[in-house]
Amino acid sequence: MAASAQATFPVFLIFLLSAAIAFVDGSSVDPSGEKFTHVHFYFHETRSSPNTTVANYKNLTSTPCFAYIGVFDNYLREGTDPSSALLGRAQGVGVFAMPEGRSGLLTATEFVFTAGEYNGSTLTMMGMYAAAGNVDRSIIGGSGRFRMAMGYSLSKVISIDDLRLVAKFDLYVKHY
């Protein structure tokens, strides 16, 4: 071997060994700076009262029950109790369509964090909403702590009545 190749071989060996150790212990060191965050909160919607947070859905066509649109500005809270710590707001729109007996509610939501460790940051979610079961939607962007965010949201309605809706949200986000 040439002298320069002999000198670089130990450096290469150390690099390989450190990469193997990182792989084996599962560490998530990413030289690009990408991070992974799990965000958990409860979504509180007030459906009727002087403090309503959702506009009634409006029929957009002359055909009954075909196309509706609504807007919301709901609370993000730490727990299910309406007096639990406020973390931010969920602001967005929902578009409902029911052609040929099929139904779906497309939502576009901006989670705006105004307290806690994510204060000043946002996450953008888009996808179809279903009132029953687990709902899986896409995280398509963010700002502040969540720049260039992408990931997914899992949500489930915890309680619903004529006055309120409370849903549990878990967001799984990659960001820089």
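Chains are numbered independently. Their residues run from 1 in the order of the written sequence. Residues qualify for local features only when their pLDDT is at least 70, as the model is predicted, and side-chain atom pairs are given and counted only at 80 or more; totals for whole chains, interfaces and linings, by contrast, use all residues. Think of the side-chain values as coming from all heavy atoms in the structure, minus any hydrogens and water.

## Details of the packing of aromatic side chains
Move 1: Aromatic rings from Phe, Tyr and Trp, with only the six-membered ring used for Trp, were paired whenever their centres fell within 6.5 Å, and each pair was classed as stacked if the ring planes differed by under 30 degrees, edge-to-face if by over 60, and tilted otherwise. Summed over all chains, the structure comprises ten aromatic pairs.
Move 2: Taken together, a centroid distance of 5.6 Å and an interplanar angle of 70° make the contact between Phe111 and Phe169 edge-to-face. Of this pair, Phe111 sits in strand 5 (residues 104–113) while Phe169 sits in strand 9 (residues 164–175); the two residues are 58 residues apart in sequence, bridging distant segments of the chain. Judged on exposure class, the residue Phe111 and its partner Phe169 are both buried.
Move 3: Here a set of aromatic residues connected by ring pairs shows up, and it is made of Phe41, Phe43, Phe72, Phe111, Phe113, Tyr118, Phe146 and Phe169.
Move 4: When the ring centre of Tyr75 is taken as origin, the NZ or CZ atom of Arg77, which lies over that ring, is 5.0 Å away. Only DSSP runs of H or I covering at least 4 residues are called helices, and only runs of E covering at least 2 are called strands; the numbering of each starts at the N terminus. Relative accessibility thresholds used throughout: buried, under 20% of the residue-type maximum; exposed, over 50%; partly exposed, between the two (1.4 Å probe, protein chains only). Throughout this description, the term charge over a ring refers to an Arg CZ or Lys NZ atom that lies within 6 Å of the ring centre and within 35 degrees of the ring normal.

## Some details on the pattern of salt bridges
Move 1: Each reported salt bridge corresponds to a side-chain nitrogen of Lys or Arg within 4 Å of a carboxyl oxygen of Asp or Glu. Summed over the entire model, instances satisfying the criterion amount to three salt bridges.
Move 2: For Glu45, the salt bridge identified is with Arg47, shortest N-O distance 3.3 Å.
Move 3: With a relative accessible area of 32%, Arg47 lands in the partly exposed category.
Move 4: In this structure, Arg145 engages Glu117 in a salt bridge whose closest nitrogen and oxygen atoms are separated by 3.4 Å. Of this pair, Arg145 sits in the loop between strand 7 (135–143) and strand 8 (150–160) while Glu117 sits in the loop between strand 5 and strand 6 (122–129), and the two are 28 residues apart along the sequence.
Move 5: By relative accessible area, which is 36% here, Arg145 ends up partly exposed.

## A closer look at the nonpolar core
Move 1: What we call a nonpolar core is a set of buried Ala, Val, Leu, Ile, Met, Phe, Trp, Tyr and Cys residues that are connected through their side-chain atoms within 4.5 Å. In this structure, Phe41, Phe111, Phe113, Leu123 and Leu171 are the most contacted members of the largest nonpolar core, which totals 22 residues.
Move 2: The biggest single contributor to this core is strand 9, with five residues.
Move 3: Working rule for contacts: check all heavy atoms of both residues, and any pair within 4.5 Å makes them a contact. Phe111 has contacts with Phe41, Leu76, Arg89, Ala90, Ser121, Thr122, Leu123, Met125, Phe169 and Leu171, leaving out every residue within four places of it along the chain.

## Notes on a nonpolar patch on the surface
Move 1: Grouping into patches uses exposed residues only, defined as over 30% relative accessible area, and leaves out salt-bridged ones; the cut-off is 9 Å for like charges and 5 Å for nonpolar side chains (Val, Leu, Ile, Met, Phe, Trp, Tyr). To be clear on the numbers: accessible area is Shrake-Rupley with a 1.4 Å probe, and residue cover counts the displayed protein chains and nothing else. Taken together, the side chains of Ile69, Val71, Val93, Val95, Leu106, Met126, Met128 and Ile140 define a hydrophobic patch exposed on the protein surface, amounting to about 620 Å² of accessible area.
Move 2: Broken down by secondary-structure element, the contributors of at least two residues to the nonpolar patch are strand 3 (67–77), strand 4 (86–97) and strand 6.
Move 3: Mapped onto the elements of the fold, Val71 is located in strand 3.
Move 4: The exposure class assigned to Val71 is partly exposed, which follows from its relative accessible area of 43%.

Honestly, it's all geometry; don't read function into it.
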